[in-house]
Amino acid sequence: MKDPETVPGPLPGALDLGSCDAGSLNGSSRDGPSLAGPEVIDLHPAPADMERLVIEGLSREPKQLPAWFLYDDEGSRLFELICEQPEYSLTRTETALLEREAPAIAAALGQGVLVEFGAGSARKVGPLLDAMARQAAPATHPSPSAPPEQPAYVALDISASHLQEACDRLQRRHPQVPMLGICCDYSQLEALPSHPLLNGQAHLGFFPGSSLGNFEPSAAQELLAQFRRLLGPGGKLLIGIDQPKSRERLEAAYNDQAGVSAAFARNLLNRLNRDLAGDFNPQAFRYRARWQAAESRIEMALVSDGPQRVQLAGQSWTFASGEALITETSAKYTAEAFLALAAPAGWQGAARWSDPDHDLCLHLLVQAD
Ligand SMILES: C[S@@+](CC[C@H](N)C(=O)[O-])C[C@H]1O[C@@H](n2cnc3c(N)ncnc32)[C@H](O)[C@@H]1O
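Quick notes on the rules
- Residues numbered from 1 in each chain as written.
- Predicted model: local features only at pLDDT ≥ 70, side-chain atom pairs only at ≥ 80, totals over all residues.
- pLDDT = per-residue confidence, 0-100.
- Contact = placed C-beta atoms within 7 Å.
- Near = placed C-beta within 6 Å.
- Helix = DSSP H or I, 4+ residues; strand = E, 2+ residues; numbered from the N terminus.
- Domains from an automatic or database assignment.
- Buried ≥ 20, exposed ≤ 12 C-beta atoms within 10 Å, placed from the backbone.
- Arc of directions from axis to C-beta.
- Core = buried A, V, L, I, M, F, W, Y, C linked by C-beta atoms within 7 Å.
- Pairing = 2+ DSSP bridges.
- Axes fitted to C-alpha atoms, helices over the stretch in contact; angles between N-to-C directions.
- Parallel < 35°, antiparallel > 145°, perpendicular 65-115°, else oblique.
- Left-handed = near helix turned anticlockwise from the far one by under 90°.
- Nonpolar A, V, L, I, M, F, W, Y, C, P; charged D, E, K, R; others polar.

(A) Representation of the confidence of the model for the protein chain. Confidence in the prediction for the protein chain averages 90 pLDDT; 87% of positions are at 70 or higher. Confidence drops under a pLDDT of 50 for residues 1–34, and excluding neighbours within four residues, the segment shows 72 contacts in the predicted structure.

Listed below in structure tokens is the structure:
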């Protein structure tokens, strides 16, 4: 992980964030909004860490890289397109649920700084920010001596340019909300940076998109424990969890007819070629999404069309015919299974909201002790 004050230069395809400094705001502040976009602190994994992770991942059997490698600029753009595909309903369902339940969720969350993990385009958080602001408005809290604080917002994401654009767009829509971006791998962050926006108020985690499903169960549990550490005492976590569904529906959702999911997976190889001096031929792999009932997860993979040898990160890698490089898995949890996973990480369910078809559940977790 890079030290924010000694960042040598931008990664290929990343923003030049060299002027960022963890101790100051250049966009918005607790005293009011500014016309400049929100500050984004660059804690992106360094190239040497990326290379180590790729070598580890390609040495595994089966070969698999951390899902965040899918999200360079182009990967983030393609993910936005996936969200618009008719087969992929998760985003539409979760957005509608958040819009409908925002007042109740804001009341249950209470006051604090919303910290979104893997914010992406940050399009889901708007109704929550509005509902939290209404809750803090003097009309509902007539005591001028101690008015509740307005919400603030911190977005964490691995995809640097996309994060900056998302923060800029959100700031234009919510000019009164102080905001900060942090470009990082949230699973490896030791602590939230010391920053005025993060001092004082409770930290309210927001983790939509069912992204927890991208982690193997033991890693998912560790991530939930990590979020608890990052959010600190009194922190809460609002998390969106996709429910198990029929094989047909899920395989279609992750292998849309327009081929956007396949392009998203193949873009991983383009990214590796560019960032780690590789010579993958993305067309020599076919895309596969299959439901694995025993693990209650969908597995996405690029399957080698024939035997091939690929150069990457200074090494030679062989692929047998039919061998898979797993690009991503997405586990689906019933409410009960999810709460059982969260309990050893120190979380307990305080409330939950679901859409009319029970496709997705938004859980509000509080700390168990
Ligand atoms: C499935 S998308 C979800 C985006 C958005 N939260 C939503 O619900 O639509 C996952 C997002 O998390 C980011 N991401 C994935 N793994 C990450 C990691 N380890 N650390 C930080 N960001 C990550 C990706 O860049 C992407 O924007």
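What follows picks up the thread again.
(B) Structural context of the site of the ligand. Around the ligand sit 20 residues, and of these Trp68, Tyr71, Gly118, Gly120 and Gly209 come closest. Those elements giving two or more residues to the shell around the ligand turn out to be α2 (73–83) and β4 (152–157). Here the shell around the ligand gathers at least three residues from each of two domains, domain 1 (39–48 + 75–137 + 147–245 + 333–367) and domain 2 (63–74 + 249–331).

(C) A look at unusual backbone geometry. The omega angle of the peptide bond from Glu61 to Pro62 is -5 degrees, so this bond is cis rather than trans. Position of Pro62 relative to the elements: it lies in the loop between α1 (47–59) and β2 (63–64). Here Ala277, not a glycine, exhibits a phi torsion of approximately 50 degrees, which is positive. Mapping Ala277 onto the fold places it in the loop between α8 (260–275) and β8 (285–292).

(D) Here's a closer look at helix α4 (residues 126–136). Listing the buried residues of α4 in full gives Leu128, Leu129, Ala131 and Met132. When α4 is viewed along its axis, its buried side chains cluster within an angular range of 165 degrees and face the same direction. Check the buried side of α4 and you find it contacts α3 (90–109), β3 (113–117) and β4.

(E) Examining the nonpolar core more closely. One finds Leu114, Leu128, Tyr153, Val154, Ala155, Leu156 and Cys183 to be the most contacted residues of the largest nonpolar core, which totals 94 residues. Counting residues per element, this core draws most heavily on α8, at seven residues. Mapping this core onto the domain boundaries places at least three of its residues in each of domain 1 (39–48 + 75–137 + 147–245 + 333–367) and domain 2 (63–74 + 249–331). Among residues more than four places away in sequence, those in contact with Leu114 are Val125, Leu128, Leu129, Pro151, Tyr153, Leu204 and Phe206.

(F) Representation of the pairing of strand β5 (residues 179–184) in the model. With six of six residues buried, β5 is to be regarded as a mostly interior element. Side chains Met179, Gly181 and Cys183 project from β5 onto one buried face, and the interleaved Leu180, Ile182 and Cys184 project onto a second face that is buried too. With five bridges connecting them, strand β1 (residues 39–43) and β5 associate as parallel partners. Note that in β5 the partner of Glu39 across the bridge is Leu180.

(G) Spotlight on the packing of α3 against α4. Axis separation between α3 and α4 bottoms out at 8 Å; the angle between their running directions is 40 degrees. Judged by the inter-axis angle, α3 sits oblique to α4. In terms of crossing hand, the pair formed by α3 and α4 is right-handed. Seen from α3, the contacting residues are Leu98, Glu99, Ala102, Pro103, Ile105, Ala106 and Ala107; seen from α4, they are Pro127, Leu128, Asp130, Ala131, Met132 and Gln135. For the contact of α3 with α4, the class distribution of residues is ten nonpolar, one polar and two charged.

(H) Here's a closer look at the sheet that holds β2. Spatial strand order, β2-β12-β9-β8: four strands in an open sheet with mixed pairing. Because the sheet does not close on itself, it has two edges, and the strands there are β2 and β8. Both strand β9 (residues 297–304) and strand β12 (residues 324–331) contribute to a ladder of seven bridges, which runs antiparallel. Looking across to β12, one finds that Ile298 is bridged to Ser330.

(I) Representation of the sheet that holds β1 within the structure. An order of β1-β5-β4-β3-β6-β7-β14-β13 is seen for the eight strands of this open sheet, with the pairing classed as mixed. Both outer strands of the open sheet, β1 and β13 (347–354), are each paired with one neighbouring strand and no more. Each adjacent strand pair in this sheet contributes to an overall mean axis angle of 20 degrees, direction not counted. Alignment of strand β7 (residues 236–242) against strand β14 (residues 360–367), held across seven bridges, turns out to be antiparallel. Opposite Ile239, over in β14, you have His363 as the bridge partner. Of the strands in this sheet, β3, β6 (203–207), β7, β13 and β14 are in contact with helix α6 (residues 217–231), which crosses β6 at around 150 degrees.

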